[in-house]
Amino acid sequence: MARVKHAKAAANYIHHSKNPKAQHNAASHLRKKRDREVINVPGWEHLRETASQIKMHTLSNLDKYLEEFERKATQNGVKVHWAQDGNEMNEIVYGILDQHQVPYLVKSKSMLTEECHLNDYLEKRGIDVFDTDLGERIVQLSKETPSHIVVPAMHKTREDISELFHDTMKTEKGNLDAKYLTLAARKDLREKFMNARAALTGVNFGVAETGTVTIATNEGNADLGVNKAPVQIHCMGLEKMVPRQMDLSVFLRLLGRSATGQSITTYSSHYQRPKPGGEMHIVLVDNGRSKHLGMEDFWTALKCIRCGACMNTCPVYRSGGGHSYGYTVPGPIGSIITPARDINQYDDLPFASSLCGSCSDVCPVKIDIHGQLLKWREVIVDHGIVDKSKSIPMKMGSKVLSKPSWYRFAGSIARKVMKQFPGLVSSMVKDWTRGRELPEVPKESFRSWYIKNKKKNDK
Amino acid sequence: MTSREIILGKIRKNKPDSIEHPGIPDFSWPGEDPIDRFGVKLSQIGGEVQLVESYTEALQKVDKLEGNVVKYLVSEDRVLNDEEPETTVINGELAVVENAAVFVNVDRLPERFVPFLGERLIVLVQKDKIYKHLHEAYDHLDLNQIGFGIYIAGPSATADIAQILVRGAHGPSKMEVWFYNDRK
């Protein structure tokens, strides 16, 4: 299915969706919670800077740390797998489940498996997948994709969810009580948890020194799943690595605060070894990350710890919604990751920004997000894959602006035309004038005004 | 070539020049009453602190708890039934003031799922095993010696439905930390 470009999808969300404000309100709420929490942390900026440097150190030695991680985990009795792309990851996971003849899988939130479409892959092969994070469960039941990486059902209202649960879990019609609905979902999944024979999670951090897989959640769904089922699988993007256990202290202080304004998530688990009599697998997934690492201007985007703070603060994300990006990771960070994966498919996303820079200000690992957005625009223009409605006026503009006499001539014409035929001008730039007024036309150019006044003053 | 070799090869070819690890700076801040501060923090996230004199007193208090209580405190506590308990009581290794988290070495429990079942979780922590922030806490942990360890801060929670906080998403809806003065 062809991807709808961001501008069109966002316009559609704003003008035709039922609750275009739902996402805006939720994201603003999280941004405010973050600010209230962060202001009380002494040395917050120093902490961000430290995190940024640790990530850059790790990424610039990534081969070494991945090997150390693999060695340590293997010593601990964990089976480590390597997947070059999403398809290979899916094959590996299916292989493990098939070998154990597992009828279904309980899965906690993992944007990596969303990125690789694991659910589809398994379901086509007869293995049911139960997403256990409440937000992911909601989007799974409504056959949608997450609109936010931390709060997957951010775009949905209580009314939507009440209706969905009534249809799928036979909850009381019209009951909007969040507690009632949450506990209904808990009850619905309980039996799946208790009898699961395999559980899968994403990974927040992998520690090379100890072979640790760290997972941060609030619901306890990841840990309940993993610890009830004999087989546990953790899918992890290559960039999730940190060198030592002490480095976790930096990142766990940043993650919850940046994401939801929590000092730490309710659960931060550290898995080193399989449970007695159980099996533990880690799948290390590349899927474009090693290529991204080689991009001089863009590799630091791999520092991202997926907190979602850049989305919560972004005016474009908040207005246009998460789905309009057409990728698992939306918002500012998604807009600099996607062109690194496939520049032709996602050439519109670096333009889905006002370049206000708020994303870079809140990023806990100090990724220069708005700087990279601008750089991607340059790359896209150099590639010549910019829409003609943008590139032709730009070319004309650059010609005119490079020659003073042309510029002066164009200015005088524009002043006349705007005065005589304002309706015509307005319709020529109708995308711009939707919601804006054209400025009042000045009588003369600044240049002629200046020359006149300078003469007056010189006298 | 295996996928492993291909991936590592690509990384070696593409990785930027090595950048130094910054080390972990001293993030300390001036003193505060740690137990008091921890209590405030925990209450903000829906938990509760209790102070008891000694470990023995804590055990006596546990024995007086009503309802279906399951405790995993000493190695003899190995009983597991199918029914979900109302209250689960376990030991914690240490507590962290800045975020009201306690670290639990789950290897000490008969089954790994124990902390995630039941309605109410009580974690017993020795009073002098409380640390200001996560840097200090990790300094007192050795993950190499632990199969599965976890920080728990407050009850299980979700706000996935319209940002409304609900406790007891999948795990316990109540969480208490009991600090005791000494091991006796």
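Our subject in this report is the structure included herewith. The structure presented is a predicted model; accordingly, all values stated were derived computationally and were not measured. (Residues numbered from 1 in each chain as written. Chains lettered and ligands numbered in written order. Predicted model: local features only at pLDDT ≥ 70, side-chain atom pairs only at ≥ 80, totals over all residues. Heavy atoms only, no water.)

1. Comments concerning the overall build of chain B
So the rule is basically this: Each helix is a run of DSSP H or I of at least 4 residues and each strand a run of E of at least 2, with the numbering of both proceeding from the N terminus. Throughout, the radius of gyration refers to the C-alpha atoms, and the reference size of a globule is 2.2 Å times the residue count to the power 0.38. Think of it in three bands: residues with accessible area under 20% of the maximum for their type are buried, residues over 50% are exposed, and the middle band is partly exposed, with areas taken using a 1.4 Å probe on protein chains only. Computed with the Shrake-Rupley method and a 1.4 Å probe, the accessible areas treat only the protein chains shown as cover for residues. A positive count includes Lys and Arg, and a negative count includes Asp and Glu. His and the chain ends are not counted in either. Working definition for charges: the position is that of NZ of Lys, CZ of Arg, CG of Asp or CD of Glu.
What chain B contains, in helices and strands, is four helices and 11 strands. For chain B, whose C-alpha radius of gyration is 20 Å, the value lies well above the compact-globule estimate of 16 Å for 184 residues. Based on the C-alpha atoms only, the size of chain B along its principal axes is roughly 65 × 45 × 40 Å. Relative to its full complement of 184 residues, chain B shows a buried share of 52%. By element, 45% of the accessible surface of chain B is carried by carbon and sulfur atoms, the whole surface being about 8,300 Å². When the 21 basic and 30 acidic side-chain charges of chain B are each reduced to a single mean position, those positions are 5 Å apart.

2. Focus: the pattern of salt bridges
Our working definition: We define a salt bridge as a side-chain nitrogen of Lys or Arg found within 4 Å of a carboxyl oxygen belonging to Asp or Glu.
Applying the stated criterion across every chain yields a total of 33 salt bridges over all chains. A:Glu70 serves as the salt-bridge partner of B:Arg4, at 2.8 Å between the closest nitrogen and oxygen. Of this pair, B:Arg4 sits in helix α1 (residues 3-14) while A:Glu70 sits in helix α4 (residues 62-75), on two different chains. The class for B:Arg4 is partly exposed, based on a relative accessible area of 27%. Classification of A:Glu70 by relative accessible area gives buried; the value is 14%. Here A:Glu239 makes a salt bridge to A:Arg306, at a shortest N to O gap of 3.5 Å. Of this pair, A:Glu239 sits in the loop between β7 (231-237) and β8 (241-242) while A:Arg306 sits in the loop between α13 (289-293) and α14 (309-313); the two residues are 67 residues apart in sequence, bridging distant segments of the chain. Residues A:Glu239 and A:Arg306 agree in their burial class; the two are buried. A network of salt bridges, in which partner residues are shared, links A:Asp63, A:Glu67, A:Glu70, B:Arg4, B:Arg12 and B:Lys15.

3. Notes on the sheet that holds strand β9 (residues 267-271) of chain A
Under the convention used in this document: Between any two strands, pairing holds if DSSP finds at least two bridges. Contacts are assigned to residue pairs that have any heavy atoms within 4.5 Å of one another. With axes taken as lines fitted to C-alpha atoms, and helix axes fitted only over the stretch in contact, angles between N-to-C directions fall between 0 and 180 degrees.
With mixed pairing, eight strands are arranged side by side in an open sheet as β8(A)-β5(A)-β6(A)-β9(A)-β8(B)-β5(B)-β4(B)-β7(B). Bordering the open sheet on either side are β8 of chain A together with β7 (130-131) of chain B, each of which pairs with just one other strand. Across two bridges, the pairing between strand β5 (residues 205-207) of chain A and β8(A) is parallel. By the bridge assignment, A:Gly206 is partnered in β8(A) with A:Met241. Packed onto the sheet, helix α12 (residues 245-260) of chain A meets β5, β6 (212-217), β8 and β9 of chain A and runs at close to 165° relative to β5(A).

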